Amino acid sequence: MTKIKKLDIRLANQIAAGEVVDRPASVLKELIENSFDAGASQIDVEVEAGGVKRILVRDNGCGIDHDDMALALDSHATSKIYNLDDLEAVTTMGFRGEALASISSVSRLTLSSNVTSQAEKGWQAQSVGRDMNVELSPTARPSGTTVEVEDLFFNTPARRKFLRKEKTEFNHLDEVFRRNALGSFSTGLSLTHNGKVIHSLRPCNELLDRERRIAKLLGQGFIDNAIHLDVEYSGYRLQGWVAQPTFSRSQADMQYFFVNQRVIKDKVIGHAVRQAYRDVLFHGRQPVFVLYFSVDPSQVDVNVHPSKHEVRFRDSRQVHDFIYRTLHKALADVRPEGPSSDGDTKAYSASLTEGQLSQQGSMALADAAVIYRGDHQRAANGRVMSSAPNNRVGGNFSSTGTQNGGFSSSHQQLYGAGGQDSAAAEALSRPGADGEIPPLGFAIAQLKGIYILAENIEGLIVVDMHAAHERITYERMKTARDDRGIQAQPLLVPVSLSLSDKEADCAEEASELFLSLGFELQRVASESMIIRQIPVFLASADAELLVRDVIADLLQYGSSDRILNHIDDILSTMACHGSVRANRRLSLPEMNALLRDMERTERSGQCNHGRPTWTAMSLAELDKLFLRGR
Ligand code: ADP
Ligand code: MG
């Protein structure tokens, strides 16, 4: 063994830098976060050569006192927490007191700051040598702080080798900038690369201005296709924008989830979001969202990862449940809506009571007080949140359900060849007693046996008849399943499962849940269980695998939607086969009946495969097409 020696300060800091400073983008992240913590209302970023040559962040925040300048560059020195209690309820982005020391150990860093409004009272600091002694000199500058980082990794060749092309490094910088700009609307921000202004964003507090900022950062398409939501429930609040399922992406690259301002990637949250979208998203597509979750800081541990990309929730099951239910409900309400009077953004907001979330089943949020506002612009673009009441099953769908989940003959009467129930169907083809025209209007024709053309107040509606009917049928089957429960059948030869102790305990605890989903499980030994009964729908599925996966979910997330997922898949296929096919001639009353059903059906904006079911073209849009009224 060789002798033990204390590391140089610079070397120790360089080692620490390994954890948090891996490329220019991570430097930018730390610097912007410091500016936020300093209460800046304006943050300007200048970078050169993908940030490798220079990154400068200037803010108008509280500044650093002359006496603290040296400490700011020291490791384990912070103004943000003083004791363990502070750490457990930390509200600042930083608290480790390491960033500036780490960055300055692997670059040429200059810190300048002024806490007064007299420009000549500023100070500038640099740390030099192996011991990183800090040299201070006076400088003239306005109040606030500037950190300039030049020649990143000039003294750490191993790290420098991992740097990519300027363009790639800049893209990472840009992504950090976007995240931060999405995370704090009240701050003005700008980004300049090689002298060229890339972003310039004013502070924004009104919803419309925020949407404008999001459109600048993520594209107008997202905002045009987004549902705004704002839901509070016992200490939790979820706000933000989720894209309609039809506006999905092949990559998970437009997903922003903030927990108390901090953008994070979290397994529990990821699972909750996926689960909420599962029924409406085309297979393999990724949802798009910008969501803000606020929770008491003491309920979340942010000190689990050096760069703080991960968090841990004290009650992750409850958080999962809240996020899943809120998003599920918001997405379920996407259906046609009439034009609205105010030009406000459409929104979904609800205030939940204690009982509503703890209720079993998916209806908890549906019962919540829900406020919607309409929006012209998006009505023209297609699907908007509805103000329709939550009666999911239309009046013409009676409970004459059959074995396969109540997708019954009364259904066929309306869209079937006969049109027998013509009196009732006629009633759906006329304006209401108040002369009101329904959101999807009245059918005027059928095109090529595939599309229904209808006229509403705004103009033309085009409906994909099969896609729409498929969604309606599927939602009905699911409602019937919810109402009547899942039919189960005993296994002729029970399946025995060997599990770990922990898994068996979990499954035993969840036996009621399994039973409600059609599975009967029995524990026969500490590490062994028997499946005695399974749902009829899953007779041909791999019951053992399903149960194992559900137990894994329960252990990890506290909930599982796998069984329902499987059953829904089967219902979805049945709905697809049971729905009106292309080239089926429908009478006008039949078409109108379908339109009215769409207005009443949850998620009727997409078919079961996530394709859109209808679209609108307003008169104004048609006029534009024909260059009318110029
Ligand atoms: P941390 O943010 O974890 O406290 P840093 O190394 O990032 O650690 O910063 C050290 C200290 O320097 C901070 O606690 C803060 O007091 C001060 N500081 C850094 N950047 C700024 C800034 N832009 N404005 C004001 N103070 C700052
Ligand atoms: Mg910091």
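Every value quoted in this text rests on a predicted model; they were computed, and no experiment measured them.

Undergrad: Give me the lowdown on the overall build of the protein, citing residues and values where you can.
TA: Summing up its helical and strand segments, the protein has 22 helices and 26 strands in all. Within the span of the protein, comprising 630 residues, buried residues form 50% of the whole. Sequence-distant contacts, at least 24 apart, represent 72% of the contacts inside the protein between residues at least 6 apart.

Undergrad: Requested: an account of the sheet that holds strand 4 (residues 122-128), with residues and values cited.
TA: The mixed open sheet is built from 8 strands, whose spatial order is 5-4-3-6-2-1-7-8. Edge positions in the open sheet fall to strand 5 (133-139) and strand 8 (196-201), since each of these has one partner strand only. Averaged over all neighbouring strand pairs, the angle between strand axes comes to 15°, with direction disregarded. Pairing of strand 7 (residues 188-193) with strand 8, which is carried by 5 bridges, proceeds in the antiparallel orientation.

Undergrad: So, the packing of aromatic side chains: which residues are in play, and what are the values?
TA: The way to describe two aromatic rings as a pair is by their centre distance and the angle between their planes. Counted according to the given criterion, the structure contains 11 aromatic pairs. Considering the side-chain rings of Phe222 and Phe247, the 6.4 Å spacing of their centres and the 40° angle between planes classify their relative orientation as tilted. In this pair, Phe222 is assigned in helix 9 (residues 220-224) and Phe247 in the loop between strand 10 (236-243) and strand 11 (255-259), connecting sequence segments 25 residues apart. With a relative accessible area of 0%, Phe222 lands in the buried category. Ring plane angle 20° and centroid distance 6.1 Å describe the contact between Tyr233 and Phe322, whose orientation is recorded as stacked. Of this pair, Tyr233 sits in strand 9 (residues 226-233) while Phe322 sits in helix 11 (residues 316-332), and the two are 89 residues apart along the sequence. Classification of Phe322 by relative accessible area gives buried; the value is 0%. Put simply, the rings of Tyr233, Tyr236, Phe257, Phe293, Phe313 and Phe322 touch in pairs and so form one group of aromatic residues. Here the basic side chain of Arg108 rests over the ring of Phe154, its NZ or CZ set 3.8 Å away from the ring centre.

Undergrad: Go over the environment of Thr139 with me, naming the residues and quoting the values.
TA: Secondary-structure assignment places Thr139 in strand 5. Setting aside its immediate chain neighbours within four residues, Thr139 contacts Ser112, Ala119, Glu120, Lys121, Gly122, Trp123 and Gln124.

Undergrad: Kindly report on the nonpolar core, identifying the contributing residues and their values.
TA: Ranked by internal contacts, the top residues of the largest apolar core, which has 57 residues, are Val21, Leu31, Val45, Ile55, Val149, Leu218 and Phe222. Two domains each provide a minimum of three residues to this core, namely domain 1 (9-196) and domain 2 (207-386). Once residues within four sequence positions are removed from consideration, Val45 is found in contact with Leu28, Ile32, Leu56, Val57, Phe177, Ser190, Leu191 and Thr192.

Undergrad: I'd like to hear about the site of ligand 1, residue by residue, with values.
TA: Neighbouring residues of ligand 1: 19 residues in total, closest Asn34, Thr78, Ser79, Lys80 and Gly97. In this structure, Lys80 approaches ligand 1 through a side-chain N or O atom, which is 2.6 Å from an oxygen atom. Contact with the protein chains hides 92% of the accessible area of ligand 1, taken as 530 Å² for the molecule alone. Listing elements by their share of the shell around ligand 1, those giving two or more residues are helix 2 (24-37) and helix 5 (99-105).

Undergrad: Can you tell me about a nonpolar patch on the surface, naming the residues and giving the values?
TA: On the surface, Leu7, Leu11 and Ile15 cluster together into a nonpolar patch covering about 270 Å² of accessible area. Structurally, the position occupied by Leu7 is in the segment before helix 1 (9-20).

Undergrad: Describe the sheet that holds strand 21 (residues 451-455), listing the residues and the values that go with them.
TA: Ordered in space as 20-21-22-26, the 4 strands form an open sheet in which the pairing is antiparallel. Each edge of the open sheet carries a strand with a single partner, namely strand 20 (442-447) and strand 26 (614-618). Taking each pair of neighbouring strands and ignoring which way they run, the sheet shows an average axis angle of 25°. Across 5 bridges, the pairing between strand 22 (residues 459-464) and strand 26 is antiparallel. Residue pairing across strands places Ile461 opposite Ala616, the latter belonging to strand 26. Contacting strand 20, strand 21 and strand 22, helix 16 (residues 465-484) crosses the sheet at an angle of about 70° to strand 22. Packed on one face of the sheet, helix 21 (residues 588-600) meets strand 20, strand 21, strand 22 and strand 26 and runs near 115° to strand 20.

Undergrad: Can you tell me about helix 10 (residues 267-277), naming the residues and giving the values?
TA: Most of helix 10 sits inside the fold, with 8 of its 11 residues counted as buried. Considered for burial, the residues of helix 10 that qualify are Val268, Ile269, His271, Ala272, Val273, Gln275, Ala276 and Tyr277.

Undergrad: Please set out the confidence of the model for the protein residue by residue, giving values where relevant.
TA: Summarising the model, the protein shows a mean pLDDT of 82, and 84% of its residues fall at 70 or more. Low pLDDT, under 50, characterises residues 338-347; the stretch is placed with 36 contacts to residues that sit more than four places away or in other chains. This stretch, residues 350-420, has a pLDDT under 50; its non-local contacts, to residues over four places away or in other chains, come to 189 contacts.

Undergrad: Any chance you could break down the environment of Leu56 for me, citing the residues and the numbers?
TA: Within the element layout of this structure, Leu56 appears in strand 2 (residues 54-59). When its relative accessible area of 7% is taken as the criterion, Leu56 is described as buried. The spacing of Leu56 and Leu28 is 28 residues in sequence and 8.5 Å in space, taken between C-alpha atoms. Apart from the residues lying within four places of it in its own chain, the contact partners of Leu56 are Asp44, Val45, Glu46, Thr146, Val147 and Glu148.

Undergrad: Residue-level account of the pairing of strand 10, with values.
TA: Burial within strand 10 is extensive, with 6 of its 8 residues counted as buried. Sheet topology places strand 9 next to strand 10; 8 bridges connect them, and they run antiparallel. By the bridge assignment for strand 10, His228 is matched with Trp241. Between strand 9 and strand 10, which follow one another and run antiparallel, lie 2 residues, and Ser234 among them has a positive phi close to 25°. Across 6 bridges, strand 10 lies against strand 13 (residues 289-294) in antiparallel orientation. Paired with Trp241 across the two strands is Val290, which belongs to strand 13.

Undergrad: Describe the pattern of salt bridges, listing the residues and the values that go with them.
TA: Per the stated rule, a full pass over the model turns up 35 salt bridges. In this structure, Asp597 and Arg600 form a salt bridge, with 2.7 Å as the shortest nitrogen-oxygen distance. Remark: Arg600 and Asp597 occur in helix 21; sequence separation between them is 3 residues, near one turn of the helix. Shared partners join several salt bridges into a network, and the residues in it are Asp44, Glu46, Glu48, Lys53, Arg54, Arg58 and Glu148.

Calculation notes
- Here the residue index of a chain counts from 1 through its sequence in written order.
- Here every chain gets a letter starting at A, and every ligand a number starting at 1, in the order they are written.
- Given that this is a predicted model, residues contribute local features only at a pLDDT of at least 70 and side-chain atom pairs are listed and counted only at 80 or more, while totals for whole chains, interfaces and linings are drawn from all residues.
- As a convention, hydrogens and water are excluded, and side-chain values are obtained from all of the structure's heavy atoms.
- Only DSSP runs of H or I with at least four residues qualify as helices, and only runs of E with at least two residues qualify as strands; both kinds are numbered from the N terminus onward.
- To sort residues, take the accessible area from a 1.4 Å probe on protein chains only and compare it with the maximum for the residue type: under 20% means buried, over 50% means exposed, and anything in between is partly exposed.
- Residues are treated as being in contact if the distance between any of their heavy atoms lies within 4.5 Å.
- Pairs of strands are assigned from DSSP output, requiring at least two bridges between the strands.
- Lines fitted to the C-alpha atoms define the axes, with helices restricted to the stretch that makes contact. Angles between their N-to-C directions range from 0 to 180 degrees.
- A pair of aromatic rings is counted whenever rings of Phe, Tyr or Trp (Trp by its six-membered ring) have centres within 6.5 Å, and the orientation is called stacked for planes under 30 degrees apart, edge-to-face for over 60 and tilted otherwise.
- A ring has a charge above it when a Lys NZ or an Arg CZ is no more than 6 Å from the ring centre and no more than 35 degrees off the ring normal.
- Only buried residues count toward a nonpolar core, which is a set of Ala, Val, Leu, Ile, Met, Phe, Trp, Tyr and Cys residues joined through side-chain atoms within 4.5 Å.
- For every domain, the bounds stem from an assignment made automatically or drawn from a database.
- Each residue is tested against the molecule or strand, and it is near if at least one of its non-hydrogen atoms lies within 4 Å.
- Residues adjacent in sequence count toward polar contacts only when both atoms are side-chain atoms; beyond that, a polar contact is any pair of N or O atoms within 3.5 Å, and within protein one must be able to donate a hydrogen and the other to accept it.
- Per-residue and other accessible areas follow the Shrake-Rupley method at a 1.4 Å probe size, with only the shown protein chains counted as cover for residues.
- Nonpolar side chains (Val, Leu, Ile, Met, Phe, Trp, Tyr) are joined into patches within 5 Å and like charges within 9 Å, using only residues with over 30% relative accessible area and no salt bridge.
- Just to be clear on terms, a salt bridge is a Lys or Arg side-chain nitrogen sitting within 4 Å of an Asp or Glu carboxyl oxygen.
- The pLDDT value tells you how sure the predictor is about a given residue, anywhere from 0 up to 100.

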